[in-house]
Amino acid sequence: MLTRKHGVTIELWRGDITRLEVDAIVNAANNGLRGGGGVDGAIHRAAGPELLQACMHIGHCPTGEVRLTPGFRLPCRYVFHTVGPVWRGGDEGEETLLANCYRNCLQLAAEHAVRSIAFPAISCGVYGYPALSAMHIAWQQISDWLTEAPEHSLQRIVLVAYDDAVWQAGCRVMPGIS
Ligand code: ADP
C-alpha cells in the first residue's frame with residue numbers, strides 16, 4: 001500500500017523490518033541501547049553480535065533522540081536507534097517525544113544521504129502507545145518534515161506494520177493510500 005508526497009513514496013508495509021532492503025532501518029530501542037525484545041531483539045539477532053558491541057560503545061540515548069550504527073549483517077547500511085516514550089496516559093509529554101523520534105530520524109537520514117528508510121511502530125509494543133494515535137503522529141511528522149525540509153535525499157519511506165493493530169491504524173491514518 002502506498003501514497004506519495006512531495007515526490008517521496010510512502011508505504012505501509014506488512015512484515016519483518018529486518019528483511020527490508022533499504023538504506024536505513026529504525027530500531028525502537030531502550031535508553032541503555034542494550035537490546036531487548038520486540039523489534040529491538042529481531043534487529044539484534046539479524047545484525048549479529050557486532051551490533052550490541054556498537055551500541056554499548058555509544059552507551060545511552062535519551063528518549064526522543066536517535067543514535068546511528070552500521071547495519072552489520074542486515075541488508076541495510078545503517079540502523080537508527082531511537083527511543084520512544086513509554087505510554088503513561090498521554091499527559092507526560094508522550095506525543096512530543098514520539099514526534100521527536102520521527103523528526104530526528106528523518107533529519108539524520110538527510111544528513112547521511114539516505115534514500116530509503118523504514119520505521120517500525122515506535123512505542124506501540126511493550127511501551128504501550130495506542131496504535132492509532134501513534135500512526136497519526138508518524139504520518140503528521142513525515143508529512144510536515146517533507147513539506148518543510150529544504151533539500152533531502154529521501155525517495156522512499158516505509159512504515160512497517162508487524163501486527164494487526166498497527167496495520168489497521170496505518171490504513172486509517174494515511175490519506176489516499178491504495
Ligand atoms: P516499543 O518498546 O517501542 O514499544 P516493541 O518492539 O515492543 O517496541 O514494539 C514496537 C512495534 O514493533 C510493535 O508494533 C511490534 O509489533 C513491532 N515489531 C515487533 N517485531 C517486529 C519486526 N521484526 N519488524 C517490524 N516490527 C516489529
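Here's what I pulled together on the structure shown here. Everything numeric in this text was worked out from a predicted model, so none of it was measured. (Residues numbered from 1 in each chain as written. Predicted model: local features only at pLDDT ≥ 70, side-chain atom pairs only at ≥ 80, totals over all residues. Heavy atoms only, no water.)

A look at the overall build of the chain
On a plain count of helices and strands, the chain comes out with five helices and seven strands. Secondary structure elements of the chain occur, N-terminal to C-terminal, as β-β-β-α-α-β-β-α-β-α-β-α. Taking 178 residues into account, the globule formula puts the C-alpha radius of gyration at 16 Å, and the chain, at 15 Å, falls close to it. Viewed in the frame of its principal axes, the chain has a C-alpha envelope of about 40 × 35 × 30 Å. Among the 178 residues that make up the chain, the fraction classed as buried is 51%. If you take every contact in the chain between residues at least 6 apart in sequence, the share linking residues at least 24 apart comes to 70%. Put simply, the chain shows about 8300 Å² of open surface, and 48% of that area lies on carbon and sulfur atoms. Distance from the positive charge centre (14 side chains) to the negative charge centre (17 side chains) of the chain: 5 Å. (Helix = DSSP H or I, 4+ residues; strand = E, 2+ residues; numbered from the N terminus. Rg over C-alpha atoms; globule rule 2.2 N^0.38 Å. Buried < 20%, exposed > 50% of the residue type's maximum accessible area, 1.4 Å probe, protein only. Contact = heavy atoms within 4.5 Å. Areas by Shrake-Rupley, 256 points an atom, 1.4 Å probe, with all protein chains shown as cover. Lys, Arg positive; Asp, Glu negative; His and termini not counted. Charge placed at Lys NZ, Arg CZ, Asp CG, Glu CD.)

Some remarks on the packing of helix H4 (residues 131-148) against helix H5 (residues 164-173)
With their axes 8 Å apart at the nearest point, H4 and H5 run at an angle of 50° to one another. Between H4 and H5, the crossing angle belongs to the class labelled oblique. Remark: the crossing between H4 and H5 carries right-handed chirality. On H5, the residues that touch Ala-131, Leu-132, Met-135, His-136 and Trp-139 of H4 are Ala-165, Val-166, Ala-169, Gly-170, Arg-172 and Val-173. Tallied by class, residues from the contact of H4 with H5 come to eight nonpolar, two polar and one charged. (Axes fitted to C-alpha atoms, helices over the stretch in contact; angles between N-to-C directions. Parallel < 35°, antiparallel > 145°, perpendicular 65-115°, else oblique. Left-handed = near helix turned anticlockwise from the far one by under 90°. Nonpolar A, V, L, I, M, F, W, Y, C, P; charged D, E, K, R; others polar.)

Side note on H5
Since there are 3.6 residues in each turn of an α-helix, residues three or four apart along the chain are aligned in direction. Among the residues of H5, those classed as buried are Val-166, Trp-167, Ala-169, Gly-170 and Val-173. Angularly, the buried residues of H5 cover 165° about the axis, an arc narrow enough to put them on a single face. Looking at H5, the residues exposed on the side facing more than 90 degrees away from the buried face are Gln-168 and Arg-172. Contacts from the buried residues of H5 go to strand S2 (8-14), H4 and strand S7 (156-161). Capping of H5 at its N-terminal end is provided by Asp-163; its side-chain oxygen lies 3.3 Å from the backbone amide nitrogen of Ala-165. (Arc of directions from axis to C-beta. Polar contact = N/O pair within 3.5 Å; in protein donor to acceptor, adjacent residues only side chain to side chain.)

Some remarks on the pairing of strand S3 (residues 24-28)
Taken across its five residues, S3 has four buried, putting it largely inside the fold. With five bridges joining them, S3 and strand S5 (residues 78-82) adopt parallel strand pairing. Bridge pairing in S5 links Val-26 to Phe-80. With two bridges connecting them, S3 and strand S6 (residues 116-119) associate as parallel partners. Pairing of Ile-25 across the sheet is with Ala-118, part of S6. (Pairing = 2+ DSSP bridges.)

Read these as layout, nothing more, since geometry by itself doesn't imply function.
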